[in-house]
Amino acid sequence: VDDKVLDVASFEKYLQERIKVDGKTGNLAQSNVVITRDRTKLTVASPSEVGFSKRQLKYLSKRYLKKQQLRDYLRVVAASKNSYELRYYQITGGNDDEAEE
């Protein structure tokens, strides 16, 4: 995120500490799971035989947002079959008069 709302380095550290592989945390290096960071993009790559859960990544992302009190502003969205994105909630300021009628 270019607007400095989310600290990507601390998010990467959080994921490295908490991702479970074969039911154990801190097991990334032995299982060849790699977390790389570009400026605003984190990539978690794992071999197909490891069986890394995409659902766990979503859970940890939501938990991190809650811990940083960003859950009200950002959401975790599946961008494709094998990726997630963090997006802002779309807030529209519509007329309340139409809702009353």
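From a predicted model like this one, the values you see are computed outputs, not experimental measurements.

For a regular strand, side-chain orientation follows a simple rule: the groups alternate between the two sheet faces. By the bridge criterion, four bridges tie strand 3 (residues 34-37) to strand 4 (residues 42-45) in an arrangement that is antiparallel. When the sheet's bridge partners are listed, Ile35 is paired in strand 4 with Val44.

Taken as a whole and judged by the stated rule, the model has four salt bridges. Note that Glu12 is salt-bridged to Arg37, the shortest N-O span being 2.7 Å. Linking Glu12 in helix 1 (residues 8-18) with Arg37 in strand 3, this pair joins segments that are 25 residues apart in sequence. Put simply, Arg18 and Glu17 hold a salt bridge, and the shortest N to O gap is 3.2 Å. Taken together, the shared-partner salt bridges connect Lys13, Glu17 and Arg18 into one network.

The subject of this paragraph is helix 2 (residues 54-67). With 14 residues, helix 2 extends 20 Å between its outermost C-alpha atoms, agreeing within 8% with the 20 Å of an ideal straight helix rising 1.5 Å per residue. Every buried residue of helix 2 is listed here: Gln56, Leu57, Leu60, Ser61, Tyr64 and Leu65. Structurally, the start of helix 2 carries an N-cap: the backbone nitrogen of Arg55 is 3.3 Å from a side-chain oxygen of Ser53. Residue Gln69 follows helix 2 closely and has a positive phi angle near 60°.

The rules behind these values
- Residues numbered from 1 in each chain as written.
- Predicted model: local features only at pLDDT ≥ 70, side-chain atom pairs only at ≥ 80, totals over all residues.
- Heavy atoms only, no water.
- Pairing = 2+ DSSP bridges.
- Helix = DSSP H or I, 4+ residues; strand = E, 2+ residues; numbered from the N terminus.
- Salt bridge = Lys/Arg side-chain N within 4 Å of Asp/Glu carboxyl O.
- Expected span 1.5 Å × (residues − 1).
- Buried < 20%, exposed > 50% of the residue type's maximum accessible area, 1.4 Å probe, protein only.
- Polar contact = N/O pair within 3.5 Å; in protein donor to acceptor, adjacent residues only side chain to side chain.

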